[in-house]
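What follows is the residue order along each chain.
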Amino acid sequence: MKKISLKVIFIGLILILFLSIMIAIGLGPVKISLGKTFHIIGNQIFGDKLFPHDWTLIEQNTIILLRLPRVLLGAIVGASLAICGVSMQVLVRNQLADPFILGVSSGASTFATLDMLFGVFAFLGTYRLSLSAFIGAVVTIVLVYMLSRIRGKINMTQLLLSGVAISMIMDGITKMITLSAPNALGLHNAEFWMSGSLAGAKWEYLTLPLITIIVCMFILMIHYRTLNVLLLGENTAGTLGVHVERMQKLLILISSLLAGVTIAVSGTIGFVGLMCPHFARLLVGSDHRKVLPLSAILGAILVIWTDVIARMLFAPEELPIGILTAIIGGPIFILLLRKKQ
């Protein structure tokens, strides 16, 4: 009975994700019906024989060039943030951990903003923004990790406090960078980006985040038993044969990579990495073989619909997604905690 219920949960959420993608693509200032959206996408994949042409060029370009890459990027970003949240929570053995609490997102934003406004990392080439955000994430999490080690072991209280302190320092540096912006347009673009947005989504932006999430997800799924054991504590995990320090370094690398690449394409979007793993555990328990894919699906759905609200609430003006996730996610998470208590 339990297995059937789990299958129902996964199949149901996958269907919701597919419908969310199709519906979200049709929503916007120019509304396009679900049927026409499906036909346009089907025509691009299978050709005119199965899906005869009965739409305008404007509708086709709106779907294929603007909305489809944006919605797919939203799904990838949401899944990445959720998986990153799971990794961070295993690393610190605390369900309240996420990339923002430990300062990873702040570090990534600082380095990415430095590149956006002053071109410091121009020598990195095409993927300079992604690489600069990744470097910032790595620097931050390594600092937090080093500060939290006492007598060769991670102290959880020290880790969280170090994360908060480093995050505040990085936020302060980011403010200094933005205040020194060479022009008002660059400052506005940087501020909007830091608040989280998918407005500049393009097909070429999908490749690197997609490869990153597939590789990181594959590695984490291989080690799902190790992740389960790490929740029992370092001593217990070591007794059971887990190379704790090596696994912690792997989780640091994966978390930094996911946070850096995701922030580079979407800016900072909060609460996704905190809420989705928590909801997943409420649905399927603590087994990471189930928590990881379920968190990814929940994260994808959440960001897709948040982006829809962001671009339709005050259309034609657009709200940053990060603001909405904070406004919506905060109260939901508080209610969830109160209900659980």
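All of the points below concern the structure found in this document. (Residues numbered from 1 in each chain as written. Predicted model: local features only at pLDDT ≥ 70, side-chain atom pairs only at ≥ 80, totals over all residues. Heavy atoms only, no water.)

## Regarding the packing of aromatic side chains
Counted according to the given criterion, the structure contains two aromatic pairs. Relative to Phe121, the ring of Phe111 has its centre 6.0 Å away and its plane inclined at 25°; by these criteria the two rings are stacked. With Phe111 in helix H4 (residues 104-118) and Phe121 in the loop between H4 and helix H5 (128-148), this pair connects stretches of sequence that are 10 residues apart. A relative accessible area of 19% places Phe111 in the buried class. We classify Phe121 as buried; its relative accessible area is 10%. Note on Phe121 and Phe123: the rings are 6.3 Å apart at their centroids and 45° apart in plane angle, and the pair reads as tilted. Through a chain of ring-to-ring contacts, the aromatic side chains of Phe111, Phe121 and Phe123 assemble into a single cluster. (Phe/Tyr/Trp six-rings, centres within 6.5 Å; stacked < 30°, edge-to-face > 60°. Helix = DSSP H or I, 4+ residues; strand = E, 2+ residues; numbered from the N terminus. Buried < 20%, exposed > 50% of the residue type's maximum accessible area, 1.4 Å probe, protein only.)

## Details of the environment of Ser132
Along the chain, Ser132 turns up in helix H5. With 19 residues separating them along the chain, Ser132 and Thr113 place their C-alpha atoms 8.9 Å apart. If we ignore the near neighbours within four places in the chain, the residues touching Ser132 are Phe111, Ala112, Asp115, Phe121 and Leu124. (Contact = heavy atoms within 4.5 Å.)

## Comments concerning the packing of H5 against helix H6 (residues 156-179)
Running from N to C, H5 and H6 cross one another at 140°; their axes reach a closest spacing of 8 Å. One element, H5, and the other, H6, form an angle in the oblique class. The chirality of how H5 crosses H6 is right-handed. Across the interface between the two elements, Thr140, Leu143, Val144, Tyr145, Leu147 and Ser148 from H5 touch Gln158, Leu159, Ser162, Gly163, Ile166 and Met170 from H6. For the contact of H5 with H6, the class distribution of residues is seven nonpolar, five polar and no charged. (Axes fitted to C-alpha atoms, helices over the stretch in contact; angles between N-to-C directions. Parallel < 35°, antiparallel > 145°, perpendicular 65-115°, else oblique. Left-handed = near helix turned anticlockwise from the far one by under 90°. Nonpolar A, V, L, I, M, F, W, Y, C, P; charged D, E, K, R; others polar.)

## A closer look at the environment of Leu129
As for its position among the elements, Leu129 is in helix H5. Judged by relative accessible area, Leu129 falls into the partly exposed class, the value being 22%. As a C-alpha pair, Leu129 and Ile327 span 198 residues in sequence and 27 Å in three-dimensional space. For Leu129, the residues in contact, after removing those within four places along its chain, are Ala112, Asp115, Met116 and Ala264.

## Concerning the packing of H4 against H5
For the pair H4 and H5, interaxial distance at closest approach is 7 Å and the crossing angle is 140°. The angle between the axes of H4 and H5 places the two elements in the oblique class. Between H4 and H5 the crossing geometry is right-handed. Touching Val104, Gly107, Ala108, Phe111, Ala112, Asp115 and Met116 of H4 are Arg128, Leu129, Ser132, Ala133, Ile135, Gly136, Ala137, Val139, Thr140 and Ile141, all from H5.

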